[in-house]
Each structure stands twice: as structure tokens, then as C-alpha cells.
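Structural overview
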Amino acid sequence: MTAKEIDKFKRDFDSVLERRRLLEALEMLSNVSASAGEWRINDRVASMRQSYTYLLKYFAEGLADPGRDALYMSLVSEATTVRDMLVRSLSMTETPTLYYNTVRSLSMRKDETFASLYAAYLKSLDAISPFKAIENGTEATRELRRRSELIETDIFNRLWTVYPLTADDAATISAMLDDDAISDEAKALFVSGITIGLLEFFDERRFDLLLDAYKYKSTSVSSRAMTGYVIAMVKYDKAVFSDSFDKHLAAVRELPGWYENLAITVKELVNTADTERIAARLRDEIMPQIKKMSENISERLDEMALDADGMSPEDNPDLSELLSDSRMRDTLKEFGEMQEQGSDVFLATFANLKQFPFFNDVANWFMPYRTGLTVVSDNDISSGATFAALIDRAPYICDGDKYSMILSVSMMPSAQREMMMKQFDMHSRQFSESLGVMASLPPAQRKVVTNNYILSIYRFYKLFRRKGEFYNPFADVVDVLDNPRLAEDFSNTDELESLAALYIRLQCYDKAIRYLSLVDETADPSASRSRQLGYAYERLGLYDRAALAYEQSDLLDGSNRWTLRRYIYVLRCLGQYGRALAVCERLEKLDPQSFELAMTQGTLYAMIKDYDKAVNSFLKAEFIDESSLKPARALAGLYFVMRQYEQSRRCYDRLFASEATAEDCLGRAHLAWAENDIAGAVEGYKRYCTLVSDGVNNLVRRLDKDSGRLAEAGVDISYKPLIIDAIINSLKS
């Protein structure tokens, strides 16, 4: 079968099984396996059909069968497994993906099993033990270490590609994860192998292994297992599990910290949705600012050196001004806050450092950072283990990026490398202090470890050269409510509200509404929750629902200024200007000197044509902030509509004495036309055409749009064609 035919078979089979047409699904498996010559699979399907035939016979005869439901669900689950086995077998010959290339490669090693690799790995670990290393010497030990690392990779590849795991396979893997002779770093790598194998094909035994690994004492191993469990559950949201798995999951849920650790993992996964936006912002906004500031500081330092007057950098007012730049300070503060929230601020930096041959192997993208790994020890040039150890202690850099740093630094000129070493020496104490704080706070440490791992796997699915061949768990924003088993773990209203707040920050407003609405069904009314719900509706343009939510929030907390401002905005969007003004009056009592509120009130009064009150509001705004031109701009237009041309002209004179915009040119031209100053109108419209795109065509559209306003101000709009032609003629000449 071709790849397209295999995909069609999968879709058709899934459609049939989703409708629980099990008999038809089994017939499809039988027909395809027989036509493909897959006789072992065909025999298994025949056995399943026989079991189902008996079940149907007993059911049709009305016989009681207490095990009927369990048998039926086990047959549905087994049918899914057999489908995957068949698809995998059909794809084996022709499919050129890395997965099937690896499967074909491993199939050539006839005698290699999990058990044989386990034994070989233990033997290799013994060979590189401290006592044996002294006997063997440095070079021999390095080669033995490299051999041990190759066995780790072989185990990872087998965990990734063997399907389905047999009971013996699962027992051997469990033994490896329980073996104290194997390091936590190696176990963490193996857990990642189990995870990506599970993301290839559904395998309940792999799920069981992840649950067992979660119970492990190592935070690194446990957090990787939890992460694998969550992303696999998200993929297999419609999967059928056995009763034994459900009992296993129920037992693990009883362990202390399960719900807290699950919440940490889900939030970190959800947080990756912001990665691309942050990377773009760093690339386009923050880094250019930092680069510009760095260049300016360098120039000032050079000038100081030329002056040679003994003045220190701290005494130089120009340099002090640069160093205290509020925008840069705020930018760097925001950068630090994003780091603390777990945002991926280094993706753009390290994206171009994944071209080393080290990253050609899938396993290396999931490799925990180890200073003893040969890729580290062989490339940690000139500084012994110092640089490698310092990188190991950096809390906000994920494992994959640490390997990128080691490999890139090894290729630097020695002078540049030494300069980087000095910078790392300066910050090493801060790193140590950060780690000391985290070590005393287990949940915080768990969050950092989980975030580190998720950043590493995010890079694999976004940057690996053959990433398109893999299921991408980050293609959509994680939503636990889409999976029944994950949803069961998020019945706590605090966690649901916390996720909703995160979705709002990530601009996933539809998901935030879903979570907040779910909480509303069971929890007492909350001003904060209604406020968030209103904002989510507002951002989706559902202003009527937003108004209801803001009204509810206002009833519960009538003194919240933010709620009142948003409530005014959505009422204005709905055209309910009177209600909006009533809310403005309440907000004015709470914040009588608000410039923005005075401007809003003026606009609303103008909307209902209460021009005198509109003027008073804009004058109040002008009194509050004399430096702002916004009130003058609003008053210029308002006086024009009120036919108070002299007052309007004074406002425009103030605007043109400062920095006039295209809109100011248009408004002043309107005023000139109203005063029958046709020459002034033509000149103003010409200037407008030079300041906007699409020139005269843009002006024509604006004159059409403003016709009602012009007529209200007493302008004879019948002259519009002549004015437009006069402008075109003048521009041509």
C-alpha cells in the first residue's frame, strides 16, 4: 500500500471505531492484513473476531454476562493496537522517515533486546567506575565512556521504536529504572525515549511505565515522566484504557503532590504558546534596544578616554543618563520577569546553534546535561571543567542549550573564549544563590526542572532538522478539559481559575471563557472571575456578553476602577452612550482627576450631541494635562460641528504650532471650506494627500465619510467635485 492508501485506511478505521462499529472495524483489519500478507496479524484479528462473535451470540440470546462490558472495551483497545501494528508493518518497507529508518536498522540486530542492552550497559558502567578508570588510564576510559554513551543511545532508540512493548520488555525497562547502578540522568533519558515512543503509537504499557517513573525519587526523572504522561494523554484523548490502567492511575493519584505537580506541568506546557511571540519581540524590539544602548555606551566611553580628565563613568552625566534610561530599565525588568514566569527567552538566541552533528541524533535533544559526557569533556577547551560546571549551574538555560554553548564556545578564538569565561565567573555566585533558594523550595525547584525539560523538548519539535516527521505536542495550546482523565484532575476551582488567567495572558480567550464558565457552575460568584470573563468576551468582540460580565463584577465590587473603565468601553462599543455616561459619573467620584476619563466623557457627550457638556469635559481634560494636544484636537472638531469657527481655528492654530497630523490638516481644510476660504481648503486637502497613502483616493473616501459632519457644520458639499478636481489639477501642475 502507498502512504496515501495507508493514511486513508487509518482515517476510515478510526471513523468506524469511533462510532463503535467494532464488527466492521475487525473486518477492515482482516481484509487489509490478508491482502498485505500479514498473517500473524491476521491470525490475531481472527481470534478477536471469534471472541466478539461469542459475545454477540450470548448478548442476542439474552444471557447474563457480568464481564461483557470489560471484554468489549478490551476488544476496542486491542483493535486500536492491531491497527497500529498493521500500519507500522505496511509502512516499514517504503516509508523513508527517521523512525522507520531506525526500525529497519535495529531489525538487523537480531540478537539485540532490552535485556541484552541492559546487561551490556551495566557492564559498561562497571568498566568506567572510578577504580577501573585508574587501572585503564585516561584514553581507554574515554573510549569506554563513549561506548557506554552509545549503549544509552541504543536503549533510547529501542524505547522509541519498539512496538508494542511486550510484558518482558516492560519488566526489563522497569528493572532499569529501579536499578541504583544507573544514574538519574540516564533514567531521565530513558523516560524521554518511552515518551516519544508513546507519541508514535498508543501503548498502554508505556503509559504504565511513565506512571511508575513518576513515583521515582529523582525530580528530573519524575518531572519528565509527568510531562510525558500529560502530552501523551492530550494526544490520545479518545483512547480506551483497561481497568488495570485506571486502577494504576487511581493509585498514583493518591500519592502526595500529584495534583500540584500535574498543575505545574500543565501550566508550563501551556506557557510554551507564548514562545514564538516572545522570540519575535526579543528579535525585533528588545535586542535592537540593547545593541543600540551598548553602542552608545561604547561611544561615550571612547570619548571619556580621549578627554582623559580623570572623570569616572559614574561622574559623567551623559553616561549616567544612558545607564538610567527608563525604557531600557523597564525592558530589562520585563525580560527578567518573563524568565521567572518560565517563558522561553532564549529560543531565538540558540536557534542557530543546533547545527552541530551532536544534534543529528534524536536522543541528544533529550539528553540531560552532564559534565562527564564526552561531548562536554572533549570540547571544554582551555578552562578544564570550570566552564562546563558553571553552565551546569545556570538555572534558566535548558539542557539542550547548555550543549549548544559548550560546542559553540569550543569553536571560538581563545581571546573571545576567555572573555566569556570572565563573564561567567562574575555571574556564578548569583547562579549559586538562585539554586540555593530553589533547593529550599521543592515546588519551585520542581517548576524549574519541569520548565527546563519542556524547553528542551520544545526545541526538538521546533528546530530538529526532520521535525516534520514527528507528532508535535506544541502545535496546539494544551487544554486539559479535552481529555476526560486530565479533566478529572482539575476539578479544583483555584487551579481552573489559575489556568484561565494564564490563557488570558496568552490571548487564548475562548479557552479562558470555557474554564471560567466551568468554575461559575459550582463556585460562589466572584468579582475577579466575572471581571476576567468580561475581558475575555471583550477581546473576542462579544460586547453584549462582556457588558453582562462587567455588570456582574461591578455588583460584587463597585469600587474597582479597572472594571468600570472596561464596562464604559464595551457600553460605548454597543452604542449605549447613556449607560456609559452613568458609569462615567460613578468612576469620576473615584478618580476625579483622570485625564482619560474626562476625554471619554467628552466623546460620549459628543456622541449624543450634548455639545456643551462635551466641551466642558474636554476643557477639564486640558486643565488636567496642559501638555497634551488630545483635548485641543477634540475641541477643534467639536467647535467646527457647533459652527464656532473662531474657537475651532484657535485650537487648530495650537495644533499646527506643535506637530500637526494628517487628520489635523484634514480638519483645518474642512474649517476653511466652511468659512468659504476655498484656496485654504484646497491647500489643506493637498497637504493631507501628501501625508497619507493613496493620496487623492484616500481624500475622496474621507470626504464621502465626513459628508454628514460637513453638512451639519454648514458646508455646501455640492462643491465637492470641484474641490477634488481642483486638488488633482493642482497636484498635476
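Residues numbered from 1 in each chain as written. Predicted model: local features only at pLDDT ≥ 70, side-chain atom pairs only at ≥ 80, totals over all residues. Heavy atoms only, no water.

On to the overall build of the protein, then. Looking only at helices and strands, one finds 40 helices and 0 strands in the protein. For the protein, contacts bridging at least 24 residues in sequence account for 67% of all contacts bridging at least 6. In the structure as shown, the protein presents an accessible area of about 36,400 Å², 52% of it carried by carbon and sulfur atoms. (Helix = DSSP H or I, 4+ residues; strand = E, 2+ residues; numbered from the N terminus. Contact = heavy atoms within 4.5 Å. Areas by Shrake-Rupley, 256 points an atom, 1.4 Å probe, with all protein chains shown as cover.)

With that out of the way, let us pick up unusual backbone geometry. Between Tyr 163 and the following residue, Pro 164, the backbone shows a cis peptide bond with an omega angle of -15°. With respect to the helices and strands, the residue Pro 164 is situated in the loop between helix H8 (138-161) and helix H9 (167-178). One non-glycine residue, Asn 676, lies in positive phi territory at about 65°. Positionally, Asn 676 belongs in the loop between helix H36 (662-674) and helix H37 (678-691).

What follows covers a nonpolar patch on the surface. A grouping of Tyr 54, Tyr 58 and Leu 63 is seen on the molecular surface, where their side chains present a nonpolar patch of about 290 Å² in accessible area. Assessed through its relative accessible area of 36%, Tyr 58 is described here as partly exposed. (Patch = residues over 30% accessible without salt bridge, like charges linked within 9 Å, V, L, I, M, F, W, Y side chains within 5 Å. Salt bridge = Lys/Arg side-chain N within 4 Å of Asp/Glu carboxyl O. Buried < 20%, exposed > 50% of the residue type's maximum accessible area, 1.4 Å probe, protein only.)

Every α-helix carries 3.6 residues per turn, so stepping three or four residues along brings you back to the same face. With 11 of its 11 residues buried, helix H22 (residues 399-409) lies for the most part within the structure. Where H22 is concerned, the buried positions are Asp 399, Gly 400, Asp 401, Lys 402, Tyr 403, Ser 404, Met 405, Ile 406, Leu 407, Ser 408 and Val 409.

All told, the structure shown has 40 aromatic pairs when counted by the stated rule. Ring geometry for Tyr 163 against Phe 201: centres 5.1 Å apart, planes inclined by 35°, an arrangement best described as tilted. Taken together, the residues span a long stretch of sequence, with Tyr 163 in the loop between H8 and H9 and Phe 201 in the loop between helix H10 (184-200) and helix H11 (204-214) at a distance of 38 residues. The pair formed by Tyr 163 and Phe 201 is uniform in burial state, with each residue classed as buried. Aromatic side chains Phe 207 and Tyr 236 sit 6.4 Å apart centroid to centroid with 75° between the ring planes, which places their arrangement in the edge-to-face category. Taken together, the residues span a long stretch of sequence, with Phe 207 in helix H11 and Tyr 236 in the loop between helix H12 (219-235) and helix H13 (243-253) at a distance of 29 residues. Both residues of the pair, Phe 207 and Tyr 236, belong to the buried class. (Phe/Tyr/Trp six-rings, centres within 6.5 Å; stacked < 30°, edge-to-face > 60°.)

Once that is clear, we can look at the side chain of Ser 617. For Ser 617, the position within the fold is in helix H33 (residues 611-624). With a relative accessible area of 9%, Ser 617 lands in the buried category. Not counting residues up to four positions away in its chain, the partners in contact with Ser 617 are Ala 598, Gln 601, Gly 602 and Tyr 605.

For Asp 274, the position within the fold is in the loop between helix H14 (258-271) and helix H15 (275-307). Using a relative accessible area of 5% as the deciding quantity, one classes Asp 274 as buried. On a C-alpha basis, the gap between Asp 274 and Gln 507 in space is 9.1 Å, while along the polypeptide they are 233 residues apart.

What follows is about the environment of Tyr 611. Within the secondary structure, Tyr 611 is located in helix H33. Tyr 611 sits 28 residues away from Tyr 639 along the chain, and the two C-alpha atoms are 8.6 Å apart.

Once that is clear, we can look at the packing of H12 against H14. H14 packs onto H12 with a crossing angle of 65° between their chain directions and a minimal axis gap of 10 Å. With respect to each other, H12 and H14 are oriented roughly perpendicular. Every pair of crossing elements has a handedness; the one defined by H12 and H14 is right-handed. Contact with H12, carried on its side by Met 226, Thr 227, Tyr 229, Val 230 and Ile 231, involves Trp 258, Asn 261, Leu 262, Thr 265, Val 266 and Leu 269 of H14 and no other residues of that element. Residues of the contact of H12 with H14, tallied by class, amount to 8 nonpolar, 3 polar and no charged. (Axes fitted to C-alpha atoms, helices over the stretch in contact; angles between N-to-C directions. Parallel < 35°, antiparallel > 145°, perpendicular 65-115°, else oblique. Left-handed = near helix turned anticlockwise from the far one by under 90°. Nonpolar A, V, L, I, M, F, W, Y, C, P; charged D, E, K, R; others polar.)

Now for the pattern of salt bridges. Under the defined criterion, the tally for this structure stands at 49 salt bridges. A salt bridge links Arg 83 to Asp 14; the shortest N-O distance between them is 2.4 Å. Here the residue Arg 83 occupies a position in helix H4 (residues 68-91), and Asp 14 occupies one in helix H1 (residues 3-18), the gap between them amounting to 69 residues. Here Asp 401 and Arg 459 are joined by a salt bridge, their closest N and O atoms 2.9 Å apart.

On to the nonpolar core, then. Where a protein is soluble and globular, its nonpolar side chains tend to be buried together. Formed by 176 residues in total, the largest nonpolar core has its most connected members in Phe 207, Tyr 229, Val 362, Phe 366 and Tyr 685. Each residue touching Phe 366, except ones within four places of it in the same chain, is listed here: Phe 156, Leu 189, Ser 192, Ile 196, Arg 224, Tyr 453, Ile 457 and Phe 460. In terms of nonpolar packing, the next biggest core, distinct from the first, is built from 25 residues, Met 28, Leu 29, Ile 41 and Leu 75 among them. (Core = buried A, V, L, I, M, F, W, Y, C linked by side-chain atoms within 4.5 Å.)

Here we take up the side chain of Thr 227. Within the secondary structure, Thr 227 sits in helix H12. Using a relative accessible area of 1% as the deciding quantity, one classes Thr 227 as buried. If we ignore the near neighbours within four places in the chain, the residues touching Thr 227 are Thr 265, Leu 269, Thr 450, Tyr 453, Ile 454 and Ile 457.

Our focus in this paragraph is the confidence of the model for the protein. Note that predicted coordinates carrying low pLDDT should not be read in detail. Summary statistics for the protein give a mean pLDDT of 88 and a share of 88% for residues scoring 70 or more. A low-confidence stretch, residues 437-441 (pLDDT under 50), is modelled with 3 contacts involving residues beyond four sequence positions or located in other chains. (pLDDT = per-residue confidence, 0-100.)

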